[in-house]
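# Notes for the structure review
Here are the chains, one letter per residue:
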Amino acid sequence: MAVIDVSNLQKDYGSLQALKSVTLQVDSGQIYGLLGQNGAGKSTMIKILLGIVRLTSGEANLLGFPAGTIEVRKRVGYLPEDHAFPGYHTGESLLHFYGELYGMNRPDRVKRIAESLDIVGLSKRGSSKIKTYSKGMKQRLGIAQSFFHDPEVIFLDEPTDGVDPVGRKEIRELLATLKDEGRTIFVNSHLLQEIELMCDRVAIMHKGEIVRTGTVAELTKTVERFSITLAPGADFPVAEVKALGFKVERDDEETHVELKPGQSIDTVLDLLSSKNLRLRNVRESKQTLEDIFMDLVEQAERGSTKRGVRVARAVGARRDD
Amino acid sequence: MRTFLAILRDSFREAVDGFVIYIMLILSLLTIAFVACIGYQPVDAEGHLSKSIKNFAVFIPDKGESTAISAVPGVNYEATAIKVNGKDVLFDLEVTSKSDFGLGKAPAIDPFRTAVAGWLKKAYKSEKRKIPAAVLRGGNKGNTSDSTLRDLEVALAPDVSAEEAAAITDEQMVEFIKNQFVAHYGCGDVKVRRRSNPDAGKYVYEVEAINLRGSRGWAHDVSFLHWNIITNNDLPLGLVVHVIEDTIVNGIGGGILLLISVILTSFFIPNMLRKGTLDLVVSKPVGKVQYLLYKYLGGLIFITLVSAITVGGVWFVIGIRSGMWDPRFLITIPALVLSFALLYAFSTVIAVLTRSAIAAMLLTIAFTFGLWLVGYIKKQLDVAKVMEEGNLDTVSSIFDGLNNVLPRYKDLDKLTSKVTSEGAYTPILLRFQDMLIEPPSYVGVLGITFLYIVAFLGLASWRHSTRDG
């Protein structure tokens, strides 16, 4: 059974459609990444799952129950984006306050708070006022408060925001540990590299729609691509390579050849050799998640532009009539 | 309960961190210290007793239980052979009972016995009586033409027959005199013994009044630190203490306390609703409305503590300085809390609608001032109506209407003042007060105020629960 089960979820803010018929399933024990630009609808979806925001239509279930119920929230941890902890608390007192809201008894709280602050590297500053914390420390505290009460599902909205590279690595390791303990972790981020490094599965969201889902490996292995540099003065035979069925793109320094399934780069290299074109460099460039993401966003943008043009044309035609 | 206590502790921590509680406690201690600096010194027995004992001509029928006051002409009270022992006073009370009605004839009925008989009987039902406006103003008795008379609801003294007067016993007369000490001085520990006297129409009593000079009806000089500020006066201690309780503590002090509380607590709800803070809490297993209402209650409990410390402290120092320990003054604590509950509920609605502490603060202050202004103008119009000063019917009905539909902020003050006066005034003074001031109804004042609190919180809860994020 999916831990998170969302189908045809829609959220409107007035005339703005923040989520457009989103359908998504997340299985137990995964680190699931939701990737998207700012304003894509990632945070809205998490907030609906936690009952902070009400859905317009569709269905959202968490741990087998309708999302947002009090019972479900007891079993969930959450780190919001742009969180603002009350500065009058210390790290410890804040966790005690939240622990009481979760119904934890004092001995449990004392034990779990000490452990959690130690895990995120804040044990020495637990009794300091939060207003004295740096941004990175607040982020670590935010992560601690998301898991200290032993939740089954943890939602993290931009968890590495404001954290230095060492801290990011530690957070990735912590998430891996939490995953090993059997928890499901749902991460929202616009930092592609972070998602690529920590997530088992990824969904890419653009303008309120899920445009692609899959494992990182599945998403990044879709296209084989080579970058070729010729000796100075040599001109790459673009037309002839294209005639062989390859997709070719050029920039100032390199020519990029994209292979379709069943094609081999040797065919291109043989052609260059037959034309006595001397090679300086041949490099296989594996697509990163960022390439995939940018391609998808561009495709989506082109799609929407085309739609816009079509609409504009239709409107213009009507006016002409 | 655990959730409520957690949120309460959170609110307390916020108040402590923002120095809110320290500011409030300092103000509270300053108020207590100010009141503690006020001293009360009983005036000399000789002069005051000779003057004030003459007021015994006025009595309260129905053994002091009636709402009416009455007087029988022809009875004169004199204090002689006055001895003072600390606050106790021993003296001879000479009651001269003569009534010739200006015709030089012997009285048909002994006026003193008539007064005692009237004191034993129930008063008649109330009726309208013409009272000179000048009397109401407490001023010039010469200006009492018909046009200045004003209808007031008064209870009438009972009629007494000659037989009833003649049947009065010595014991009943002694009880009457003892009760007069309660009615006029608030002094209940009095030993009265009739001394034989050969003169007709004259009664002599040996009186030993314990703590008479410390009683609430005894005039006191008032000092601040060691400066005398009121001396050689006839102001009873209870009246002075009530002015301090009602004006300085419930009036000015309460007003300042409420104003500062409104300012300081106006940040609580908007801080809670800040982006990034609310999400953290409402993602926990606590309802949005529950959290809002608990935060509201947290603010209320905080003010209850401050009010209890202030009013309790003032009550204690007044008790120490004056010997008046009547607990009815403590009603000021729930009254202040109720006033604050109304203002804080309004502040909560504004905070939820605007999410701005500044808007919540300024609009709540404006709301408070508006309610106070309506109450104040209504009070002035009521006085003007009694005095028949000008034709104010239209304006008066507008403000009566406004006062009826708006929360009774000022009326709550009046009710509090009435209750605290009952703990400070002598019974005779209370009867005069009740004749002149018609108190608002408890049901109306408390009912409307509670309705507004519920309506404000209901609106805030609805908006908060239906708002995304």
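In this numbering scheme, every chain counts its residues from 1 along its sequence in written order. Chains and ligands are labelled sequentially in the order written, the chains with letters from A and the ligands with numbers from 1. Residues qualify for local features only when their pLDDT is at least 70, as the model is predicted, and side-chain atom pairs are given and counted only at 80 or more; totals for whole chains, interfaces and linings, by contrast, use all residues. Computation of side-chain values covers all heavy atoms of the structure but excludes hydrogens and water.

## Overview of the overall build of chain B
What counts is decided by this rule: By the criteria applied, helices consist of DSSP H or I runs no shorter than four residues and strands consist of E runs no shorter than two, each listed in order from the N terminus. Burial classes: relative accessible area under 20% of the type maximum marks a residue as buried, over 50% as exposed, and values in between as partly exposed (1.4 Å probe, protein chains only). Any two residues having at least one pair of non-hydrogen atoms within 4.5 Å are treated as being in contact. Note that accessible areas follow from Shrake-Rupley with a 1.4 Å probe, and for residues the cover is restricted to the protein chains shown.
Along the backbone of chain B there are 18 helices and 11 strands. Here chain B holds 469 residues, and 50% of them are scored as buried. A sequence separation of at least 24 residues applies to 73% of the contacts in chain B between residues at least 6 apart. For chain B, the accessible surface area stands at approximately 21600 Å², while carbon and sulfur atoms represent 62% of it.

## Here's the deal with the overall build of chain A
Note the following rule: The globule rule is 2.2 Å times the number of residues to the power 0.38, and the radius of gyration it is compared with is taken over C-alpha atoms.
Counting its regular elements, chain A contains 11 helices and 14 strands. For 321 residues, the compact-globule estimate of 2.2 N^0.38 gives 20 Å, and chain A exceeds it by more than 25% at 25 Å. Reported as C-alpha extents along the three principal axes, the dimensions of chain A are approximately 80 × 60 × 40 Å. Taking all 321 residues of chain A together, 47% fall into the buried category. In chain A, once contacts between residues fewer than 6 apart in sequence are set aside, the share between residues at least 24 apart is 68%. On chain A, roughly 15600 Å² of surface is accessible, and the fraction owed to carbon and sulfur atoms is 47%.

## Here we look at unusual backbone geometry
Glycine aside, a negative phi is what most residues show, and trans is what most peptide bonds show. All names here are of chain B. Of note, Lys63 is a non-glycine position whose phi angle comes to about 55°, a positive value. The topology assignment puts Lys63 in helix 4 (residues 61-64). Residue classification places Lys63 among the partly exposed residues on the basis of a relative accessible area of 48%. If you check the backbone angles, Asn211 has positive phi at about 55° while not being a glycine.

## Some words on the sheet that holds strand 4 (residues 57-62) of chain A
All names here are of chain A. How we decide: For two strands to count as paired, DSSP must find a minimum of two bridges between them.
With respect to topology, four strands assemble into an open sheet ordered 2-1-4-5, the strand pairing being antiparallel. Every other strand in the sheet has two partners, leaving strand 2 (16-26) and strand 5 (65-66) as the edge strands with one partner each. In the sheet, strand 1 (residues 4-13) pairs with strand 2 via seven bridges, with the strands oriented antiparallel. The residue bridging Val6 from the neighbouring strand is Leu24, located in strand 2.

## A short note on the nonpolar core
Considering soluble globular proteins, one finds that nonpolar side chains tend to be buried as a cluster. Here is the rule we go by: What is meant by a nonpolar core is a set of buried Ala, Val, Leu, Ile, Met, Phe, Trp, Tyr and Cys residues, joined one to another through side-chain atoms within 4.5 Å.
Residues Ile4, Met45, Tyr98, Leu141, Phe155, Leu175 and Phe186 of chain A are the most contacted members of the largest nonpolar core, which totals 150 residues. The element contributing the most residues to this core is helix 13 (residues 332-354) of chain B, with 15 residues. Every residue in contact with Phe186 of chain A, bar those within four places of it in the chain, is listed here: Ile4, Leu24, Val26, Tyr32, Leu34, Met45, Ile46, Ile154, Phe155 and Leu156 of chain A. One finds Val72, Phe91, Ile177 and Val207 of chain B within the second-largest nonpolar core, a separate group that totals 39 residues.

## A short note on a nonpolar patch on the surface
The line we're drawing: Here, patches come from residues exposed beyond 30% relative accessible area and free of salt bridges, joined within 9 Å for like charges and within 5 Å for nonpolar side chains (Val, Leu, Ile, Met, Phe, Trp, Tyr). One speaks of a salt bridge when a side-chain nitrogen belonging to Lys or Arg is within 4 Å of a carboxyl oxygen belonging to Asp or Glu.
Taken together, the side chains of Phe19, Tyr22, Ile23, Ile26 and Leu30 of chain B make up a nonpolar region of the molecular surface, amounting to roughly 510 Å² of accessible area. Examined against the element boundaries, Leu30 of chain B turns out to sit in helix 2 (residues 20-36).

## Digging into the sheet that holds strand 11 (residues 224-230) of chain A
Residues and elements named next belong to chain A. Rule in force here: Axis lines are fitted to C-alpha atoms, over the contacting stretch for helices. Their N-to-C directions set the angle, which ranges from 0 to 180 degrees.
Here we have four strands laid out as an open sheet, ordered 12-13-11-14, and antiparallel in their pairing. The sheet is open, and its two edges are formed by strand 12 (247-250) and strand 14 (279-284), each paired on a single side. Across the sheet, the mean angle from the axis of one strand to that of its neighbour is 20°, orientation sign disregarded. When strand 12 meets strand 13 (residues 255-259), the two strands line up antiparallel, connected through four bridges. If you follow Arg250 over to strand 13, its bridge partner there is Thr255. Along the sheet face, helix 10 (residues 265-274) touches strand 11, strand 13 and strand 14 and points at about 15° away from the line of strand 11.

## A look at the packing of aromatic side chains
Operational definition: Only Phe, Tyr and Trp rings take part, Trp by its six-membered ring, and two of them pair if their centres are within 6.5 Å. Stacked means planes under 30 degrees apart, edge-to-face means over 60, and tilted covers everything else. Whether a charge lies above a ring is judged from NZ of Lys or CZ of Arg, which has to be within 6 Å of the ring centre and within 35 degrees of the ring normal.
Enumeration according to the criterion identifies 28 aromatic pairs over all chains in this entry. Taking the centre distance of 5.7 Å and the plane angle of 5° together, the rings of Tyr32 of chain A and Phe186 of chain A count as stacked. Here Tyr32 of chain A, found in strand 3 (residues 31-36), pairs with Phe186 of chain A, found in strand 8 (residues 184-189); they are 154 residues apart in sequence, far enough to count as distant. Phe186 of chain A shares its class with Tyr32 of chain A; the two are buried. Joined through ring pairs, the aromatic side chains of Phe56, Phe59, Tyr77, Phe91, Phe112, Trp119, Phe176, Phe181, Tyr185, Tyr203 and Trp218 of chain B make up one cluster. Here the basic side chain of Lys284 of chain B rests over the ring of Tyr98 of chain A, its NZ or CZ set 4.3 Å away from the ring centre.

## What to know about the interface of chain B and chain A
Heads up, the rule is: Each of two parts loses accessible area, computed with a 1.4 Å probe, when they are put together; buried area is these two losses added.
At the interface, 28 residues of chain B touch 30 residues of chain A. In total, about 2700 Å² of surface goes out of reach between chain B and chain A, with carbon and sulfur atoms giving 56% of it. Interface area lost by chain B to chain A is led by Leu280, Lys284 and Pro285 of chain B, which between them contribute 23%. In this assembly, chain B and chain A are joined by four salt bridges.

## Focus: the environment of Leu292 of chain B
Residues and elements named next belong to chain B. With respect to the helices and strands, the residue Leu292 is situated in helix 12 (residues 288-322). For Leu292, a relative accessible area of 1% corresponds to the buried category. A C-alpha to C-alpha distance of 9.3 Å links Leu292 and Val352, two positions 60 residues apart in sequence. Setting aside residues no more than four positions away along its own chain, Leu292 makes contact with Ile269, Met272, Thr348, Val352, Ala460, Ser461 and His464.

## Considering the pattern of salt bridges
Here the structure, examined in full by the defined rule, presents 37 salt bridges over all chains. Note that Arg283 of chain A and Glu254 of chain A form a salt bridge whose closest N and O atoms lie 2.8 Å from each other. With Arg283 of chain A in strand 14 and Glu254 of chain A in the loop between strand 12 and strand 13, this residue pair connects regions lying 29 residues apart in the sequence. On the accessibility criterion, Arg283 of chain A (36% relative accessible area) is partly exposed. A single salt-bridge network, built from bridges that share partners, covers Asp92, Arg193, Arg195 and Glu206 of chain B.

## Notes on the domain arrangement of chain B
Residue and element names in this part refer to chain B. Going by this rule: All the domain ranges listed were derived from an automatic or database domain assignment. Pairing of N or O atoms within 3.5 Å defines a polar contact, subject to two protein rules: one partner must be a possible hydrogen donor and the other a possible acceptor, and residues neighboring in sequence count only if both atoms are side-chain atoms. Throughout, the ten residues Ala, Val, Leu, Ile, Met, Phe, Trp, Tyr, Cys and Pro are labelled nonpolar, Asp, Glu, Lys and Arg are labelled charged, and all others, Gly among them, are labelled polar.
According to the domain assignment, chain B consists of domain 1 (2-40 + 230-466) and domain 2 (44-123 + 158-217). Contact with domain 1, which involves 17 residues of that partner, is made by 19 residues of domain 2. Taking the shortest distance from any N to any O, the salt bridge between Asp234 and Lys51 comes out at 3.1 Å. If you look at where domain 1 meets domain 2, you find seven residue pairs in polar contact (both at pLDDT 80 or more). Elements that contribute at least two residues to the side of domain 1 that touches domain 2 include exactly helix 9 (237-265), helix 16 (409-424) and helix 17 (427-436). Split by residue class, the side of domain 1 that touches domain 2 holds nine nonpolar, four polar and four charged.

## Points about the side chain of Ser417 of chain B
Residue and element names in this part refer to chain B. Locating Ser417 in the fold gives a position in helix 16. Separated by 3.1 Å, the side chains of Ser417 and Asp246 make a polar contact. Those residues in contact with Ser417 that lie beyond four places of it in its chain are His242 and Asp246.

## A short note on the environment of Glu173 of chain A
All names here are of chain A. As for its placement among the helices and strands, Glu173 is situated in helix 6 (residues 165-180). For the pair formed by Glu173 and Met198, sequence separation is 25 residues and the distance between their alpha carbons is 8.5 Å. One polar contact links Glu173 to Lys169, side chain to side chain, over a distance of 2.8 Å.

## Quick word on the domain arrangement of chain A
Taken domain by domain, chain A consists of domain 1 (4-215) and domain 2 (223-284). One C-alpha centre belongs to domain 1 of chain A, the other to domain 2 of chain A, and the line joining them spans 45 Å.

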